[in-house]
Amino acid sequence: MARAGVTVERLVAAAAELADEEGFEHVTLSALARRFGVKDASLYAHVRGLQDLRTRLALYAGGELIDKIADAVAGRAGKDALVAFADAYREYALTHPGRYAATQIRVDQAMIAGTPAMRRTADITYGMLRGYGLAEPDLTDAVRLLRSTFHGYCALEAAGGFGAPRDVRRSWERAVDALHIALENWPRDA
């Protein structure tokens, strides 16, 4: 029987709040047990351990992120879709730093393959990139380019890594413009 109203869903939601408040690395079973006023051991009725909790948090946050992106790109194509996608990604990463950090952990591919949020992520991302005329293996390469650019920029911005006086938002816009040009002129294999 669950004590203090603890359910898997409430536990993961509390982990998401804790991640944003104190950092993903501070999400522990002990910290969550304190929030619920229960002993650490009682949480094992809901999750198998810390790795299971963090994996659930990664999937939860990934679902939130793709929901934001999906709303932003709905009805858009080409550069408009790319800008909306990029801006939604950046906004989520900066507004929810702990949850965003959770989306970056390595998760067993077999576990995420069947999740609706991850299928939706692939559908939306690949759909946007198909608008640039890309097909495999270029789709995979383009996804990797976007993810590494978006993640790198957001990580540097969140850490205060941009010290030049140029407006960070304007640099972001230029980076997305450059990605659009790269996608329009994607190098094709001969």
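Look a little higher up for the structure.
Note that the coordinates shown come from a computational prediction; the quantities given were computed from them, not determined experimentally.

The rules behind these values
Residues numbered from 1 in each chain as written. Predicted model: local features only at pLDDT ≥ 70, side-chain atom pairs only at ≥ 80, totals over all residues. Heavy atoms only, no water. Helix = DSSP H or I, 4+ residues; strand = E, 2+ residues; numbered from the N terminus. Contact = heavy atoms within 4.5 Å. Lys, Arg positive; Asp, Glu negative; His and termini not counted. Charge placed at Lys NZ, Arg CZ, Asp CG, Glu CD. Axes fitted to C-alpha atoms, helices over the stretch in contact; angles between N-to-C directions. Parallel < 35°, antiparallel > 145°, perpendicular 65-115°, else oblique. Left-handed = near helix turned anticlockwise from the far one by under 90°. Nonpolar A, V, L, I, M, F, W, Y, C, P; charged D, E, K, R; others polar. Core = buried A, V, L, I, M, F, W, Y, C linked by side-chain atoms within 4.5 Å. Buried < 20%, exposed > 50% of the residue type's maximum accessible area, 1.4 Å probe, protein only. Salt bridge = Lys/Arg side-chain N within 4 Å of Asp/Glu carboxyl O. Phe/Tyr/Trp six-rings, centres within 6.5 Å; stacked < 30°, edge-to-face > 60°. Lys NZ or Arg CZ within 6 Å of the ring centre and 35° of its normal.

Undergrad: I'd like a description of the overall build of the chain, backed by residues and values.
TA: Counting secondary structure elements, the chain contains 9 helices and 0 strands. Start at the N end of the chain and walk to the C end: the helices and strands fall as α-α-α-α-α-α-α-α-α. Counting contacts in the chain only where the partners sit at least 6 residues apart, residues at least 24 apart contribute 66% of the total. Positive and negative side-chain charges of the chain, numbering 24 and 25 respectively, have mean locations separated by a distance of 3 Å.

Undergrad: Tell me about unusual backbone geometry, residues and numbers included.
TA: Glycine aside, negative phi is the norm for most residues, and most peptide bonds take the trans geometry. Cis geometry is found at the peptide bond from Glu136 to Pro137, where omega equals 5°. Relative to the assigned elements, Pro137 resides in the loop between α7 (116–130) and α8 (138–158).

Undergrad: Provide a residue-level description of the packing of helix α4 (residues 78–95) against α8, including the pertinent values.
TA: Here α4 crosses α8 at 40°, and the two axes come no closer than 10 Å. With respect to α8, the axis of α4 lies oblique. As for the relative orientation of α4 and α8, their crossing is right-handed in sense. Counted together, Leu82, Phe85, Ala86, Tyr89, Arg90, Ala93 and Leu94 of α4 and Leu146, Arg147, Phe150, His151, Tyr153, Cys154, Glu157 and Ala158 of α8 form the full contact between these two elements. Split into classes, the residues belonging to the contact of α4 with α8 amount to 11 nonpolar, 1 polar and 3 charged.

Undergrad: Talk me through the nonpolar core; I want residue IDs and the actual numbers.
TA: Counting residues in hydrophobic clusters, the biggest one holds 33 residues, and the most contacted among them are Ile69, Leu82, Leu129, Leu134, Leu146, Phe150 and Leu183. Sorting the residues of this core by element identifies α3 (50–73), α4, α7, α8 and α9 (168–184) as the ones contributing at least two each. Among the elements that take part in this core, α4 stands out by supplying 9 residues, more than any other. Contacts of Phe150, omitting those with residues within four sequence positions, involve Leu82, Phe85, Ala86, Tyr89, Trp172 and Leu179. If you look at the next biggest cluster of nonpolar residues, it comprises 21 residues, including Ala33, Leu43, Leu57 and Ala102.

Undergrad: How would you summarise the pattern of salt bridges if you had to cite specific residues and measurements?
TA: Between side chains of opposite charge, a pair can form as their charged atoms come close. Inspection of every chain in the model, using the stated rule, returns 13 salt bridges. The salt bridge partner of Arg35 is Glu21, with a shortest N-O separation of 2.3 Å. Remark: Glu21 occurs in helix α1 (residues 8–22) and Arg35 occurs in helix α2 (residues 29–36); sequence separation between them is 14 residues. The partner of Asp138 in a salt bridge is Arg188, and the shortest N-O contact between them spans 4.0 Å. Of this pair, Asp138 sits in helix α8 while Arg188 sits in the segment after α9, and the two are 50 residues apart along the sequence. Classification of Asp138 as buried rests on a relative accessible area of 13%. Exposure remark for Arg188: the relative accessible area of 46% places this residue in the partly exposed category. Sharing partners across several salt bridges, the network here consists of Asp87, Arg169, Arg170 and Glu173.

Undergrad: Go over the packing of aromatic side chains with me, naming the residues and quoting the values.
TA: The full count for this structure, using the stated rule, is 6 aromatic pairs. Grouped by ring-pair contacts, the aromatic residues Phe85, Tyr89, Tyr100, Phe150, Tyr153, Phe162 and Trp172 constitute a single cluster. Here the guanidinium or amino end of Arg54 rests over the ring plane of Phe24, the centre of that ring lying 5.1 Å away.

Undergrad: Can you break down the packing of α3 against α7 residue by residue, with the values?
TA: As a packed pair, α3 and α7 sit with axes 9 Å apart at the nearest point and diverge in direction by 35°. In this structure, α3 meets α7 at a crossing whose hand is left-handed. Contact residues: α3 offers Leu59, Gly62, Gly63, Ile66, Asp67, Ile69, Ala70 and Val73, while α7 offers Ala117, Met118, Arg120, Thr121 and Ile124. Looking at the contact of α3 with α7 residue by residue, the class counts come to 8 nonpolar, 3 polar and 2 charged.

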